[in-house]
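Breakdown of the fold
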Amino acid sequence: MIVKQMVMGMACLMAASCAMMPAGEEAPTATTPEAVAEPAPQSAPLPGRTLAMFTPGPDQACYDRDTLPSTMVVDTHNHFRPFGGAAIPFEETVSYLERTGVLFANVYGIGQSLPFSSGCEYYLDCVGTPAIPSMQNDLANAANLIDYDPETVVLTLSMTFPDLARPQQIPDQIALLDRTYDGLFRWMGEVNLVKQALMGNGHVATPMEAIPEWAPFMAILRERNIPLAIHSDLGSDETPWHYAGLMEEVLRTYPDNTIIWMHMGLSKELTTLAAEEHIAKMQGFLDTYPNLYLDISWRVVPDAYFDTSEKKAAYVAFFNANPGRILTGTDFVASHVKTFEVYEEEVAVNSAILADLDDEAFRRIALGETYFRMLDLPYRAPDICKAP
Ligand SMILES: [Zn+2]
């Protein structure tokens, strides 16, 4: 299901083209003989979870946490397109959502494409090959969504093309999408401010000097209420806060933009930070910047930070204290070598902490209320059933 947004004001921001404008991570699993893509089944939503449950109205039933799943309802972080090579067919990826009870998803391309001529499918297998942002995957996703338009899940298209180090071209690229897909792209990201894992593929940290030059495209996002999802590593085990200043500069410069910090700044390069230090740092950012949200996707996060009962309890308390600022997701990358079982596991692993949340946080984080309000979607997370 496509939820479309009226686009207004773009022409006014781009006076020169005003008259022309229409109105209005993640490695693939190894390829094995068993890993061939299975045919898309005639799937139905996971029993107990349907869009009707999220439709506001006097008859909206409460959500019984004792009998219904604790897994995420919203996958805000799903790359429907891989770095290179073939993607899982769009409708098959949609079937993965349906079968796991994920009813809402952001449809990401990928912020770094490997050139076709390289034959590369994953950037870490092709160190030395440049992986740079490109529009091709966003265009493919838009075409697929319109062709397929599933009825059982709500999909939000995301612009993953921006190169944050070359921001001058971004407004023109948005205008290009508008010409064909006016109002369909309601999210931007995941874009890379700094991603250490990509540095073998020509990526460098976005220079601090480039951040003020984002102003024209950030104005467009504000006007359209489009959130910006940024991958920005905090640092490494040796220097945990090495890059923290970059994200701080973005937040300081654009306090009125809705910004999501992917993976809470964590990465494979930063797995040994003390949970209480990380939480204190994140709480400081949330307190200072009220339009900042945190994405808790990617299994590196649960594997390294929710791995003991003490650390998990600390993050549960942190999420319970900030239920309106946390977004769920898998960070699945739909490379053709992946199967339904991979996605199913990503949903389970990235949802494991949700069962421990209090009712208020569970409703807003696991059942998606924070996401619905962020995008002003016509859905509402059900209330949690009270014990008799
Ligand atoms: Zn991602």
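In what follows, the structure referred to is the one given above.
What counts, and where the lines are drawn
- Per chain, the residues get numbers from 1 upward, laid out in the order the sequence is written.
- Totals for whole chains, interfaces and linings use all residues, but because this is a predicted model, local features are given only for residues with pLDDT of at least 70 and pairs of side-chain atoms are given and counted only at 80 or more.
- Only hydrogens and water are set aside when side-chain values are computed; all heavy atoms of the structure are taken into account.
- Numbered from the N terminus, helices here are DSSP runs of H or I no shorter than four residues, and strands are runs of E no shorter than two.
- Burial classes: relative accessible area under 20% of the type maximum marks a residue as buried, over 50% as exposed, and values in between as partly exposed (1.4 Å probe, protein chains only).
- What sets the accessible areas is the Shrake-Rupley method with a 1.4 Å probe; for residues, cover comes only from the shown protein chains.
- The angle between two axes is taken between their N-to-C directions and runs from 0 to 180 degrees, where each axis is a line fitted to C-alpha atoms and a helix contributes only its stretch in contact.
- Orientation categories follow fixed angle ranges, with anything under 35 degrees roughly parallel, anything over 145 roughly antiparallel, 65 to 115 roughly perpendicular, and all other angles oblique.
- Two residues qualify as a contact provided that any one of their heavy atoms is within 4.5 Å of a heavy atom in the partner residue.
- Each residue receives one of three labels: charged for Asp, Glu, Lys and Arg, nonpolar for Ala, Val, Leu, Ile, Met, Phe, Trp, Tyr, Cys and Pro, and polar for the others, Gly being one of them.
- Any two strands are treated as partners once DSSP identifies two or more bridges connecting them.

Once that is clear, we can look at the overall build of the protein. A tally of helices and strands in the protein yields 12 helices and nine strands. Within the protein, the fraction of its 388 residues that count as buried is 58%. With the model as given, the accessible surface of the protein reaches about 15,000 Å², and the carbon-plus-sulfur share is 56%.

Let's shift gears to the packing of helix α4 (residues 170–181) against helix α5 (residues 215–224). With their axes 8 Å apart at the nearest point, α4 and α5 run at an angle of 40° to one another. The angle between the axes of α4 and α5 places the two elements in the oblique class. Packed against α4, whose contacting residues are I170, P171, I174 and D178, the element α5 presents P216, F217, I220 and R224 at the interface. Taken together, the residues of the contact of α4 with α5 break down into six nonpolar, no polar and two charged.

As summarised here, the arrangement of the nine strands in space is β8-β7-β6-β5-β4-β3-β2-β1-β9, forming an open sheet in which the pairing is parallel. The open sheet has two free edges, formed respectively by β8 (326–327) and β9 (332–333), since each of these has just one partner strand. One ladder, built from four bridges, connects strand β2 (residues 104–108) with strand β3 (residues 154–159); its direction is parallel. Bridge pairing links F104 to V154 in β3. Helix α3 (residues 136–148) contacts β2, β3 and β4 (185–194) of the sheet and is inclined by roughly 155° relative to β3. Against the sheet, helix α7 (residues 275–288) contacts β6 (259–261) and β7 (292–295), and its axis sits at roughly 145° relative to β7.

By themselves, these are just geometric observations and shouldn't be taken as functional.
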